[in-house]
Amino acid sequence: MTLGDSSRRQFIRNVAAAACATAVPRLMAGSTPQDPVVDTVVEKNGRSVSRERIPWKAKPFPMKSVRLGDGPCKVAMEADRRYLHSLPTDRLLHTFHINAGLPSSAQSLGGWEAPDCELRGHYAGGHYLSACALMYASTGDEELRANANTMIAELAKCQTALKNGGYLSAFPVEFFDRLRERERVWAPFYTIHKIMAGALDVYVYCGNEQALDVAQKMAGWVAGYTQPLSYGQMQRILGTEYGGMGEVLCNLYAITGKDHYLEVAQRFDKKVFFDPLAAHRDELKGLHVNTHIPQVIAAARYYELTGERRYRDIAEYFWEEVVHERSYCTGGTSNGESWNTDPGKLSTELSTNTTECCCAYNMMKLTRHLFGWSPDARLMDYYERLMFNHRLGTINPEDGTMMYYLPLASGYWKTFGKPFDALWCCTGTGSEEYAKLTDTIYFHDNDSLFVNLYIASDLDWAEKGVRVRQETRFPEQPGTTLTITAKNPTSMTINLRIPYWAEGGSVKLNGTPLETFSSPSSLLSLNRVWKSGDKIELNLPMNLHVDPMPDDSTVQAMMYGPLVLAGRFEPVTREQQYADYEPKNSTPTKVPDIVVDADEPTSWVKSDPSQPLTFQAIGQSQPVTMIPLYQIIHDRYAVYWKVNKKSV
Ligand SMILES: [Zn+2]
């Protein structure tokens, strides 16, 4: 999150609009509240109405229909859950109360929630609410739902006390005067977006009507602030900051059907960013990554709600460029929070502040949209890459604290934010991420189930009367087992993703090997009448493969199946781990160059049969043990290796 520009311009003073107060159509009786990126069907004059011009071809199941089984994802989710439980609501509310002139004797939080931080409120009134709502959907945790409801009730009091047309924040509205006048200010709309999204999530997942009212009143204020501004004035504001306002306003339209929200959403289209993408030109160099991806998510959402093809082009071209030209072996993107180079130039972009965690969170959100439009296995290959290399392993399983950057420079280590004194953007997106690990494992259409991710879990497809139990120790186990329970024999297709890394592989149905299989990065479709007790056993052999830098093939990462392997070096101290956003004031551990036969690039690594997912370097200048990057928490590590050809 960089600071904005400070060129000064005088704009028209803000006139706050009165909040919209018309009745909102209720969610259709019997329909399950969905995540806000998916169609929300509402009852209107006795008919069900959808706002979506482009409904997703494949949709996720409501998170409450999926429960995680034991494994690394559940460990991460439970660490996050404990962390959320550790945050007292009175401390979270403190700066909101103070800003609204209401009494608070609570101890203030630190880091980005400190009373003098310009981003205060982004976590406490935003990410925290989303995380509680998502965790409630994923686990049924009533205490977190109650906390979210308490927060909403108090935030509504603050909104009323502020007496400013629906404005709600932990910082004064004067920040927006500074934004309009191009004076220095951090990111007020970024923060407002998080608060609105948090309230919307509490409405959607927890059924809290007051939360929707809070969000709509905030939207009324946003409409009033932006309405007097000319197009040019608004574009200049977007040169400073923007956040994901477009997305949350689109979602508000999808829920309420009020066209006005779509109009306000479009005011946040940043022309100089969108136009090159629509024309398939990569002009991303120099941009701040984590504040631009949410704008593309907004474009994706706008396409779904209006059918305007330009916005799909923007989203799809952007995804291709970031994934194929600007991402490391982990799937992560950004260096020092920016894209600093031309496409495909990454070998000079290894540092201690590569791959901000928020960027992974936002790219995964965007990927779900693209998969919804066209359920292509390669989209979920990318999702899996991020899940197992960047999302797992950036939360500390011991205390639920989270990372900011995942350093890919060799010889450094992982740093985590202190529980009450960090509360960074990445703490926020992380709090949400590990609360919604249930949201993408399975998708469906009317007659098909898509098994996207191999994660131990139970699915209840209530409309079909079908349950699926997925039992796996993936990625320790190269494959999975799915067992069906059906009220009645049910005809449907089960689509299994065959990952890009799977060479060979096999599938058994009720113990009998099937002759059919599918090529890497495609779907294996099994169509039959399914009955209780049917069992699918999928075997996906993992092999070593190298992932070289696109612009320097002598700089390589080693992968095993979906997993980035990291060389493990000496442990660091607790003080070093909780010091900052990234490792500071330390020289890296010396990491050896690798010598290898060019014809056999993986031959310098051998599996260690004594432990799962453990490997040893062979024939190098020093012994190196290699394990999955996500399993490294307290040790220095190396992901990218300088590889020299063995002389003969
Ligand atoms: Zn971040």
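Here's what I pulled together on the structure shown here.

Rules used throughout
- Position numbers for residues count from 1 along each chain, tracking the sequence in the order it is written.
- Note on the predicted model: pLDDT of at least 70 is required for a residue's local features to be given, and 80 or more for side-chain atom pairs to be given and counted; whole-chain, interface and lining totals, by contrast, use all residues.
- For side-chain calculations, the full set of non-hydrogen atoms in the structure is used, while hydrogens and water are omitted.
- Counted as coordinating are nitrogen, oxygen and sulfur atoms within 2.8 Å of the metal, or 3.2 Å for Na, K and Ca, while water is not included, which may make sites look incomplete.
- Key to geometry: four donors with every angle between 85 and 135 degrees are tetrahedral; four donors are square planar and six octahedral where opposite donors lie over 155 degrees apart and all remaining angles lie between 65 and 115; all other sites are irregular.
- In DSSP terms, a helix is any run of H or I states spanning at least four residues, a strand is any run of E spanning at least two, and both are numbered starting from the N terminus.
- Categorising residues by exposure relies on relative accessible area from a 1.4 Å probe, with only protein chains included: less than 20% of the type maximum marks a residue as buried, more than 50% marks it as exposed, and the intermediate range marks it as partly exposed.
- Angles run from 0 to 180 degrees between N-to-C directions of axes, and those axes are lines fitted to C-alpha atoms, restricted for helices to the stretch in contact.
- When describing relative orientation, an angle under 35 degrees is termed roughly parallel and one over 145 degrees roughly antiparallel, while 65 to 115 degrees is termed roughly perpendicular and anything else oblique.
- Crossings are classed by handedness, with left-handed meaning an anticlockwise turn of the near helix from the far one by less than a right angle and right-handed meaning a clockwise turn.
- Residues count as neighbours in contact if any of their non-hydrogen atoms are within 4.5 Å of one another.
- Charged means Asp, Glu, Lys or Arg here, nonpolar means Ala, Val, Leu, Ile, Met, Phe, Trp, Tyr, Cys or Pro, and polar covers whatever is left, Gly included.
- When a carboxyl oxygen of Asp or Glu lies within 4 Å of a side-chain nitrogen of Lys or Arg, that pair is called a salt bridge.
- The aromatic pairing rule takes the rings of Phe, Tyr and Trp, using the six-membered ring of Trp, and pairs them if the centres are within 6.5 Å, calling planes under 30 degrees apart stacked, those over 60 edge-to-face and the rest tilted.
- For a ring to carry a charge above it, either NZ of a lysine or CZ of an arginine must fall within 6 Å of the ring centroid while also lying within 35 degrees of the normal to the ring plane.
- To estimate how far a helix should reach, multiply one less than its number of residues by 1.5 Å.
- Here, a strand pair is defined by DSSP locating no fewer than two bridges between the strands.

This paragraph deals with the coordination of the zinc ion. Looking at the metal site, the zinc ion is ligated by Glu356 (OE), Cys358 (SG), Cys425 (SG) and Cys426 (SG), spaced 2.1 to 2.3 Å from it. What the 4 donor atoms of the zinc ion show is an angle range of 94 to 119 degrees at the metal, which sorts the shape as tetrahedral. Between consecutive donor residues of the zinc ion, the sequence gaps follow E-x1-C-x66-C-C. Of this pair, Cys358 sits in helix α14 (residues 357-373) while Cys426 sits in helix α16 (residues 425-433), and the two are 68 residues apart along the sequence. Under the relative-accessibility criterion, Cys358 is labelled buried at 0%. Residue classification places Cys426 among the buried positions, given a relative accessible area of 1%.

Contact geometry for helix α12 (residues 289-306) and helix α13 (residues 309-325): axes closest at 8 Å, N-to-C directions at 140 degrees. One finds that α12 runs oblique with respect to α13. You can see that α12 and α13 cross each other, and the crossing is left-handed. Along its contact with α12, which presents Ile293, Val296, Ala299, Ala300, Tyr302 and Tyr303, the element α13 presents Arg309, Tyr311, Arg312, Ile314, Ala315 and Phe318. Among the residues forming the contact of α12 with α13, the class breakdown is 10 nonpolar, no polar and 2 charged.

Turning to the pattern of salt bridges, a few remarks are in order. It is possible for side chains bearing opposite charge to pair when their charged atoms get close. Counted under the stated rule, the structure contains 35 salt bridges. Sharing partners across several salt bridges, the network here consists of Arg368, Arg391, Glu433, Lys436 and Asp439.

So, on to unusual backbone geometry. Peptide bonds are mostly trans, and most non-glycine residues show a negative phi. Following Phe474, the chain continues into Pro475 via a peptide bond in cis, with omega recorded as 5 degrees. Relative to the elements of secondary structure, Pro475 occurs in the loop between β8 (466-471) and β9 (479-486). Positive phi is not limited to glycine here, since Glu337 has a value of about 75 degrees. With respect to the helices, strands and loops of the structure, Glu337 is situated in the loop between α13 and α14. Judged by its relative accessible area of 7%, Glu337 is buried. Although it is not a glycine, Thr355 sits at a positive phi angle of roughly 45 degrees. In this structure, Thr355 sits in the loop between α13 and α14.

This part takes up the packing of aromatic side chains. Applying the stated criterion across every chain yields a total of 35 aromatic pairs. When the ring of Phe176 is compared with that of Phe189, the centres are 4.8 Å apart and the planes differ by 70 degrees; the resulting orientation is edge-to-face. A residue pair is termed long-range when its members are at least 10 positions apart, and Phe176 in helix α5 (residues 174-180) and Phe189 in helix α6 (residues 188-206) qualify at 13 residues. Each member of the pair Phe176 and Phe189 is classed as buried. A ring pair is formed by Tyr404 and Tyr581, whose centres lie 4.8 Å apart and whose planes are at 55 degrees; its orientation type is tilted. With a gap of 177 residues between them, Tyr404 in the loop between α15 (377-391) and α16 and Tyr581 in the loop between α17 (574-577) and β18 (594-596) connect regions that are remote in the sequence. Judged by relative accessible area, which is 26%, Tyr581 ranks as partly exposed. Of the aromatic side chains, those joined through ring pairs into one cluster are Tyr167, Phe171, Phe175, Phe176, Phe189, Trp221, Tyr225 and Phe268. Above the ring of Phe175, the side-chain terminus of Arg178 is found at 4.8 Å from the ring centroid.

Between its first and last C-alpha atoms α14 spans 25 Å; for 17 residues at 1.5 Å apiece the expected length is 24 Å, and the two agree. When you tally the buried positions in α14, you get 17 out of 17 residues, the bulk of the element.

Before going further, it helps to spend a moment on the sheet that holds strand β11 (residues 506-509). On the basis of which strands lie adjacent, the open sheet formed by 7 strands has the order β4-β7-β8-β9-β14-β11-β12 and antiparallel pairing. The strands lining the two open edges of the sheet, one partner per strand, are β4 (66-68) and β12 (512-513). With 5 bridges joining them, strand β7 (residues 457-461) and β8 adopt antiparallel strand pairing. Its bridge partner lying in β8, Asp460 is registered against Arg467.

Taking strand neighbours across the sheet as the criterion, the 5 strands line up as β3-β5-β6-β10-β13 in an open arrangement whose pairing is mixed. Both outer strands of the open sheet, β3 (59-60) and β13 (522-530), are each paired with one neighbouring strand and no more. Summarising the sheet, strand β5 (residues 442-444) and strand β6 (residues 448-451) pair through 3 bridges and their orientation is antiparallel. The residue of β6 that forms the bridge with Tyr442 is Val451.

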